[in-house]
Amino acid sequence: MKTLVIAYAVICISLLASCNSSSNKKASDKCCKKEETACCKKEKDTCCSSDKVAFYPEIESYINTIVADFDKISEERKETLKQLAAKIAENPEAANLTFICTHNSRRSHMSQLWAQTAAAYYGIENVNCYSGGTEATAFNPRAIKAMRKAGMHIEQTDENTNPLYLASYAKTANPIKAFSKKYDDKMNPSTNFIAVMTCSHADESCPVVLGADDRIAVTYVDPKEADNTPAEESRYDERCQQIATEMFYAFSQVKS
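Note that the structure is predicted; figures quoted are calculated from it, not measured. (Residues numbered from 1 in each chain as written. Predicted model: local features only at pLDDT ≥ 70, side-chain atom pairs only at ≥ 80, totals over all residues. Heavy atoms only, no water.)

Visitor: What am I meant to see in the sheet that holds strand S2 (residues 127–133) here?
Guide: Pairing between the strands of a sheet comes from backbone hydrogen bonds, and it takes one of two forms, parallel or antiparallel. Overall, parallel pairing links the four strands, which are arranged S2-S1-S6-S7 in an open sheet. Looking at the sheet topology across the chains shown, the edges are occupied by S2 and strand S7 (212–217). Going across the sheet, the axis of each strand differs from the next one's by a mean of 25 degrees, ignoring polarity. Where helix H5 (residues 107–121) meets the sheet, its contacts fall on strand S1 (95–101) and S2, and the angle it forms with S2 comes to roughly 180 degrees. (Pairing = 2+ DSSP bridges. Helix = DSSP H or I, 4+ residues; strand = E, 2+ residues; numbered from the N terminus. Axes fitted to C-alpha atoms, helices over the stretch in contact; angles between N-to-C directions. Contact = heavy atoms within 4.5 Å.)

Here it is, written out as structure tokens:
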């Protein structure tokens, strides 16, 4: 009888240890997907490393800087960004965001790339970011330069007047195809997407975005205003940083 009792106790202890291990694994996995939450700060040592995105060092340093600048965003602007976050959270299975400006050359591309990067950073799955314009031109080289300075890897694949670029924030991430296109281009979703208007002109000239389930204006001043002036490079860097900071703030507010 004594032997049976001991054997039973050993089995119980083993089952309990297994349950605790499973529970800790789930907590760890949850932390890895929300690295910036209190959970991860509390259980940082137990967070798995395999699920974390290995960002390029340059862009990771840039991200650390912009995340520290959230307090510089005005309260009014934060409310707009929280509205964007709420719309993303309403589509947990697939949140398709199409960032739209007039020429799809500067602000919409930067918004698309930073939004996709922010989704990866905060572990928000099933977010697909696109961009388009009311007309097509080309991804502006000045905007590309600003993004590269921020650490984004951008490779030009051809010499066309509207080149195709492959952008990436991490070696293991799928590259993002970037080229100028109209918002209804076949590369973009035709239905079930949120239209994010990044310039006031496109917002005003497109009262209806065909196929969009929802719409929100998150507009930015066009850095084009400084083209061919001494302030050109600093203006593009400033706009790049503003868009990055605000996209990261918006995704930090997404409630899963």
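Visitor: Quick question: what am I supposed to make of helix H4 (residues 75–89) here?
Guide: Because the α-helix completes a turn every 3.6 residues, residues three or four places apart line up on one side. With 15 residues, H4 should cover 21 Å at 1.5 Å per step; its first-to-last C-alpha distance of 21 Å lies within 8% of that length. For H4, the complete set of buried residues consists of Arg 77, Lys 78, Thr 80, Leu 81, Leu 84, Ala 85, Lys 87 and Ile 88. Close packing links the buried residues of H4 with S1, S2, strand S6 (193–197), S7 and helix H8 (232–252). (Expected span 1.5 Å × (residues − 1). Buried < 20%, exposed > 50% of the residue type's maximum accessible area, 1.4 Å probe, protein only.)

Visitor: Any chance you could explain the environment of Tyr 249 here in plain terms?
Guide: Topologically, Tyr 249 is positioned in helix H8. Separated by 176 residues in the primary sequence, Tyr 249 and Ile 73 have C-alpha atoms spaced 8.9 Å apart. If near-sequence neighbours (up to four positions away) are discounted, Tyr 249 is found in contact with Phe 70, Ile 73, Lys 78, Leu 81 and Lys 82.

Visitor: Just checking my understanding: could you explain the environment of Ile 100 for this structure?
Guide: With respect to the helices, strands and loops of the structure, Ile 100 is situated in strand S1. The sequence separation of Ile 100 and Ser 111 amounts to 11 residues, and the corresponding C-alpha distance is 9.2 Å. For Ile 100, the contacting residues outside a window of four places in its chain are Ser 108, Gly 132, Gly 133, Tyr 183, Ala 195, Val 196, Met 197, Thr 198, Cys 199, Ala 202 and Val 209.

Visitor: Even after reading the chapter, I still don't get the sheet that holds strand S5 (residues 176–178), so can you show me in this structure?
Guide: Strand order in the open sheet formed by three strands is S3-S4-S5, and the pairing between neighbours is antiparallel. Taken across any chain shown, the strands that pair with only one partner, and hence form the sheet edges, are strand S3 (153–156) and S5. Adjacent strand axes in the sheet meet at a mean angle of 25 degrees when their direction is disregarded. In terms of strand pairing, S3 meets strand S4 (residues 165–168) through four bridges, oriented antiparallel. Counterpart to Glu 155 in the pairing with S4 is Leu 166. This element, H5, spans S4 and S5 of the sheet and lies at about 175 degrees to S5.

Visitor: How do you make sense of the packing of helix H6 (residues 141–149) against H8 when you look at a structure like this?
Guide: In a packed pair of helices, the relevant descriptors are the angle between the two axes and the axis-to-axis distance. Taken N-terminus to C-terminus, the directions of H6 and H8 make an angle of 60 degrees; their axes are 9 Å apart at the nearest point. By the angle between their directions, the pair H6 and H8 is classed as oblique. Crossing geometry of H6 relative to H8 is assigned as right-handed. Two secondary-structure elements touch here, H6 through Arg 142, Ala 143, Lys 145, Ala 146, Met 147 and Lys 149 and H8 through Glu 232, Glu 233, Tyr 236, Asp 237 and Cys 240. (Parallel < 35°, antiparallel > 145°, perpendicular 65-115°, else oblique. Left-handed = near helix turned anticlockwise from the far one by under 90°.)

Visitor: Help me understand the side chain of Asp 69 in this model?
Guide: By secondary structure assignment, the location of Asp 69 is in the loop between helix H3 (57–67) and H4. By relative accessible area, Asp 69 is classed as buried at 14%. Non-local contacts of Asp 69, meaning those with residues more than four positions away in its chain, are made with Gln 241 and Thr 245.

Visitor: What should I look at first to understand the pattern of salt bridges in this one?
Guide: Once their charged atoms are close, side chains differing in charge can pair, the charge on each being opposite to the other. Applying the stated criterion to the full structure yields 14 salt bridges. Between Asp 227 and Arg 142 there is a salt bridge, and its shortest N-O distance comes to 3.5 Å. Of the two residues, Asp 227 is situated in the loop between S7 and H8 and Arg 142 in helix H6; the sequence distance between them amounts to 85 residues. On the basis of relative accessible area, Arg 142 is assigned to the partly exposed category, the value being 24%. Residues Asp 237 and Lys 149 are paired through a salt bridge, measuring 2.6 Å at the closest nitrogen-oxygen approach. Residue Asp 237 is found in helix H8, and its partner Lys 149 is found in helix H6; the two are separated by 88 residues along the sequence. With a relative accessible area of 25%, Asp 237 lands in the partly exposed category. (Salt bridge = Lys/Arg side-chain N within 4 Å of Asp/Glu carboxyl O.)

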